[in-house]
Amino acid sequence: MKEILKKDLKKIFENLKLTKENVELRQNNLDKFITEGFPDKRTEDWKFSDLSQIISSNIKGLKFFDKNLIYKEKLESIKLDKFSEQLSKNNILILVNGYVNAINFDNEDIKQIQIIDTIENQPSESINSLISLNNAFTSNYLKITVRENYKFKKPLVILNISNEKITSTNINQRFDVVLEKNSQLSIINLFYDNSKNNFININHQFKINENATLKNYTIDYLRNENIKYIFNKIDTYKNSNSENFIFSNGSKFLKNEINCNLYQDFSSVLINGLVYLKDKQHHEIKTLVNHLSEKTKSYQLIKSVLNDRSKAVYQGKIYVDKKAQKTDGYQLSKSLLLDSNTEFDAKPELEIYADDVKCSHGSTSGNLDENSIFYLMSRGISKEDAKKLLINGFLIDVVNKITDEHAKELIKKIIGINEH
C-alpha cells in the first residue's frame, strides 16, 4: 500500500497546481499516515471497530486518487430525491465526491459571509492517522466564516453526494466553519450516496466565538455500501453554544467522532444521536467533551435500535479540568436489541479533577417490552405496527431536542419519524 499511496499523491501534484508549502504539508502528512496506517483494535479508540480489517474485508484495491474526484458535475444533472422541494428553500452547498459543486446563499446577506474555496489544503492537527490521510489527499478546502452579529435566516443544507463514477476509492473532504461574536448558523449535513465500496474520510473544524451558536445536524439515511469516518473538532468560547444531532443509518460502516473543547465560561455543548441499523451494519459514535473553564455545560443522549446482526458502539468521555468548577455534565446511552444476533458496546467515561461539579453517565440496553406490545395488540393494532409505534416512541424524544424548528421538521420527514 505504501507504493500506491506515494503514486497517488504524485497524481495529486500533477493534477492540482499547489504551492511549495502545500506540497510539503501533504508530503509530511502522508509520511505520518504511512508510519501509523489505518487504525485497528490495538488502538484503544478503535477497540470496538477495527477499521483496518473493515476496509481490507470490504474494499479490494483501494485507490487514493481518481480524476473524477476533481470533476465538477453540472448542477442541473444532479437529481435530488423527494425532499428536493424542502431542501431548495434553504441555503445550499453541494459537494460531489468531496469537491465543491455549487454554493447558493440567496437567502442571506452575502456580505456577512466569507467563503474560501480552494485546492490549497490547510494544516489540521493530526490527532490520528485518518486526519493525516485527509491532510495529504484532500483536493478541495472549504471554509465559511459568519461575520460578527450576523444570524443566518435559513439553515445551510450541505448535500454530500458520492456518485457512481467513484468506486474502491478514498474520498477526503475538509470543511471549516468560523462563527464570529454573536453570530448564528444551522447546518443540515445530508449524505446522498450513489457510490459503493469507497472509504469516505471527512474532517470538520468548527470555531464558535463568544455568544455564537452553531447547530449541526448530520443525516446519513440512504442505504449504501460505503465506509465512512466523520471527525468533528469543536472549539467553543465564552457563552457560546454547540448543538449537534446525528442520525446514523445508511452506510455499511460509519464512525462519527466529536471532540469538543469548552474553553471559556458558560460555553455549552449538546450531542444527541440516533443509530438505527440492520443487515450487518456497524456504526459507532465516539465523543470527547473537555470542560476547561468554569460553569460549562454538556448534555449527551445517544439511542440505538439494532436488528439483523447489526452492531452499534458508543464511546463517550467527559473530562473536567481542575479549573472547571461548577461543571454540569450529563451522558446517557440506551439501546433496543430487536433480535439476539445484534451487538451493542458502550464505554462511558468520566475523568474529573474539580470538586464542585455535577456529572453523571449511564448506559442501558434491552428488548421491546412484550407487555406493551400485547396492550397495543389488544387495542386492534397489528404486532408489526405495535413494534413500530414503540420504536418510534423510543426515538422521538431525541429528535424533539432539536431546537431549530425548521430543521426539526425537515429531519422528521427525512428519517420518517412522527409523534403519533
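Above this note sits the structure.
Everything numeric in this text was worked out from a predicted model, so none of it was measured.

Cut-offs used in this document
- Residues numbered from 1 in each chain as written.
- Predicted model: local features only at pLDDT ≥ 70, side-chain atom pairs only at ≥ 80, totals over all residues.
- Heavy atoms only, no water.
- Axes fitted to C-alpha atoms, helices over the stretch in contact; angles between N-to-C directions.
- Helix = DSSP H or I, 4+ residues; strand = E, 2+ residues; numbered from the N terminus.
- Parallel < 35°, antiparallel > 145°, perpendicular 65-115°, else oblique.
- Contact = heavy atoms within 4.5 Å.
- Nonpolar A, V, L, I, M, F, W, Y, C, P; charged D, E, K, R; others polar.
- Buried < 20%, exposed > 50% of the residue type's maximum accessible area, 1.4 Å probe, protein only.
- Polar contact = N/O pair within 3.5 Å; in protein donor to acceptor, adjacent residues only side chain to side chain.
- Phe/Tyr/Trp six-rings, centres within 6.5 Å; stacked < 30°, edge-to-face > 60°.
- Lys NZ or Arg CZ within 6 Å of the ring centre and 35° of its normal.
- Pairing = 2+ DSSP bridges.
- Salt bridge = Lys/Arg side-chain N within 4 Å of Asp/Glu carboxyl O.
- 1 Å grid on protein atoms, 1.4 Å probe; cavity = no way out; pocket = protein on both sides within 12 Å on 5 of 7 lines; lining within 4 Å.
- Points joined across faces, edges and corners; volume = space filled by probe spheres on them.

Right, let's get into the packing of helix H1 (residues 2-15) against helix H5 (residues 129-137). At their nearest, the axes of H1 and H5 sit 10 Å apart, and the two run at 40 degrees to each other. Our classification of the angle between H1 and H5 gives oblique. Mapping the contact onto sequence places Leu-5, Asp-8, Leu-9 and Ile-12 in H1 and Leu-133, Ala-136 and Phe-137 in H5. Taken together, the residues that form the contact of H1 with H5 break down as six nonpolar, no polar and one charged.

Moving on: H5. Within H5, nine of the nine residues are buried, leaving the element largely enclosed by the surrounding structure. Among all positions in H5, only Ser-129, Leu-130, Ile-131, Ser-132, Leu-133, Asn-134, Asn-135, Ala-136 and Phe-137 are buried. Its side-chain oxygen placed 2.9 Å from the backbone nitrogen of Leu-130, Asn-128 serves as the N-cap of H5.

Here Ser-168, not a glycine, exhibits a phi torsion of approximately 50 degrees, which is positive. Tracing the sequence through the fold places Ser-168 in the loop between strand E5 (156-162) and strand E6 (170-179). Ser-168 gets classed as buried once you look at its relative accessible area, which sits at 16%.

A separate point is the packing of aromatic side chains. Enumeration over the complete set of coordinates arrives at nine aromatic pairs. Between Phe-38 and Phe-199 the ring centres are 5.7 Å apart and the planes differ by 80 degrees, which places this aromatic pair in the edge-to-face class. In this pair, Phe-38 sits in the loop between helix H2 (20-36) and helix H3 (51-58) while Phe-199 sits in strand E8 (residues 199-208), placing the two residues 161 residues apart along the sequence. Three or more aromatic residues link up through ring pairs in this structure, and these residues are Phe-33, Phe-38 and Phe-199. Above the ring of Trp-46, the side-chain terminus of Lys-255 is found at 3.7 Å from the ring centroid. Across the ring face of Phe-394, the terminal group of Lys-303 is positioned such that the distance to the ring centre comes to 4.6 Å.

Attention now moves to the pairing of strand E10 (residues 227-236). In terms of residue burial, E10 counts as a mostly covered element, since ten of its ten residues are buried. The side-chain alternation of E10 yields two buried faces, one formed by Ile-227, Tyr-229, Phe-231, Lys-233 and Asp-235 and the other by Lys-228, Ile-230, Asn-232, Ile-234 and Thr-236. Sheet topology note: the E8/E10 ladder contains ten bridges and is parallel. Paired with Asn-203 across the strands is Phe-231, a residue of E10. As paired elements, E10 and strand E12 (residues 253-262) share ten bridges and run parallel to each other. Within E12, the residue paired with Ile-230 across the bridge is Asn-256.

What follows concerns the sheet that holds strand E17 (residues 327-337). Reading across from one edge, E2-E1-E5-E7-E9-E11-E13-E15-E17-E19 is the order of the ten strands in this open sheet, with mixed pairing throughout. Only two strands of the sheet have a single neighbouring strand rather than two, namely strand E2 (99-104) and strand E19 (357-366). Going from strand to strand, the sheet's axes swing by 10 degrees on average, the running direction of each strand aside. Both strand E7 (residues 184-193) and strand E9 (residues 213-220) contribute to a ladder of eight bridges, which runs parallel. Counterpart to Leu-190 in the pairing with E9 is Ile-219. Contacting strand E11 (241-248), strand E13 (268-277), strand E15 (297-306) and E17, helix H7 (residues 383-399) crosses the sheet at an angle of about 155 degrees to E15. Across the sheet, helix H8 (residues 405-415) is in contact with E7, E9, E11 and E13; its angle to E9 comes to roughly 10 degrees.

Structurally, the position occupied by Asp-8 is in helix H1. Accessibility expressed as a relative area gives 5% for Asp-8, which makes it buried. Beyond its immediate stretch of four places on either side in the chain, Asp-8 contacts Lys-63, Phe-64, Phe-65 and Phe-137.

For side chains of opposite charge, pairing can occur when their charged atoms come near one another. Applying the stated criterion across every chain yields a total of 25 salt bridges. The salt bridge involving Asp-193 is made with Lys-228; its shortest N-O contact spans 2.8 Å. Of this pair, Asp-193 sits in strand E7 while Lys-228 sits in strand E10, and the two are 35 residues apart along the sequence. A relative accessible area of 7% places Asp-193 in the buried class. We classify Lys-228 as buried; its relative accessible area is 0%.

The next subject is H8. Taken together, the buried positions of H8 are Ala-407, Lys-408, Leu-410, Ile-411, Lys-412, Ile-414 and Ile-415. The opening residue of H8 is Asp-404, an N-cap whose side-chain oxygen sits 3.1 Å from the backbone nitrogen of His-406. Downstream of H8 by one or two residues, Gly-416 has phi in the positive range, about 70 degrees.

Before going further, it helps to examine the layout of surface pockets. For the largest pocket, the calculated volume is near 720 Å³. Contributing to the lining of the largest pocket are 29 residues, with Tyr-276, Asn-307, Leu-338, Lys-388 and Ile-391 lying nearest its centre. Broken down by secondary-structure element, the contributors of at least two residues to the lining of the largest pocket are E13, helix H6 (370-378), H7 and H8. Of all the elements, H7 adds the most residues to the lining of the largest pocket, at eight residues. Approximately 300 Å³ is the volume found for the second largest pocket. Residue lining of the second largest pocket: 23 residues in total, with Thr-43, Asp-45, Trp-46, Glu-257 and Lys-286 positioned closest to the centre. Counting only elements with at least two residues in the lining of the second largest pocket, the list comes to E12, strand E14 (282-291), strand E16 (311-320) and strand E18 (343-352).

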